[in-house]
Amino acid sequence: MSDAAPLTARIEVFRPGTFTPMGGRPITFSAADLRAIADAYDPETAPAPVVVGHPETDAPAFGWAKGFEYDSDAERLVAVVHEIEPAFAELVKAGRLKKVSMKYFAPSQAHNPVPGTWYPKHIGFLGAAAPAVPGLKNVQFDGPDGVVFEASFGAAEETSSLLRSLPDFLIEKFGLEAADKALPSWR
């Protein structure tokens, strides 16, 4: 595994509009909804992990959302992500994870940490899946201070292919022991 320190980044993760997620039912998010998400987020009691795809258990985590903010000039929800695993950052740099997809707890969903508002469940990094939220840039690295990711909201087909190749990539790049640490239950 790399000796590099975990990274911190500001990443664009969502925008206002009406979108059809993988569940198939269109959902409208307003600027007020995205501001409410940013205001309600509490990383101390219910942190949102950075994951690959949309795993049911939100694991393994390759980083954590430290906070969210709404950029009204750009009309984007931005996440401040920290503790980004260096091996995961290498996958992004290699172009294997170019899209990002948010998964939220619905306002009335059981186990929502803040009932009544959308709440971030995880930030899922995807492969080449077509985004459900158009107009957002692909993930990219920028500058010496770490990683800047731009996001899109995507589908699951490419994710399953990517997830199947992730353990092999980690084993080849970093060895079996490091791959087991990064993905302890990777089968």
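Residues numbered from 1 in each chain as written. Predicted model: local features only at pLDDT ≥ 70, side-chain atom pairs only at ≥ 80, totals over all residues. Heavy atoms only, no water.

Peer 1: Residues and numbers for the sheet that holds strand β7 (residues 99–105), please.
Peer 2: Pairing within the open sheet is mixed, and its 3 strands lie in the order β4-β8-β7. Pairing within the sheet leaves two strands with one partner each, and these edge strands are β4 (50–52) and β7. Across the sheet, the axes of successive neighbouring strands diverge by a mean angle of 35°, strand direction being ignored. (Pairing = 2+ DSSP bridges. Helix = DSSP H or I, 4+ residues; strand = E, 2+ residues; numbered from the N terminus. Axes fitted to C-alpha atoms, helices over the stretch in contact; angles between N-to-C directions.)

Peer 1: I'd love a proper account of the environment of E90, names of residues and values included.
Peer 2: One can find E90 in helix α2 (residues 86–93). Spatially, the C-alpha atom of E90 lies 9.6 Å from that of K173, the residues being 83 residues apart in sequence. Those residues in contact with E90 that sit more than four places away from it in its chain are K173 and F174. (Contact = heavy atoms within 4.5 Å.)

Peer 1: Help me get a handle on the confidence of the model for the protein chain, residues and values and all.
Peer 2: Confidence along the protein chain averages 78 in pLDDT terms, with 68% of residues attaining 70 or more. When the elements of the protein chain are averaged for pLDDT, strand β10 (residues 147–148) gives the smallest value, 38, and helix α1 (residues 31–40) the largest, 97. (pLDDT = per-residue confidence, 0-100.)

Peer 1: So what's going on with α2? Which residues, and what values?
Peer 2: Of all 8 residues making up α2, 6 are buried, and the element is well covered by its neighbours. Of all the positions in α2, only P86, A87, F88, A89, L91 and V92 are classed as buried. Positive phi shows up at G95, right after α2, with a value of about 85°. (Buried < 20%, exposed > 50% of the residue type's maximum accessible area, 1.4 Å probe, protein only.)

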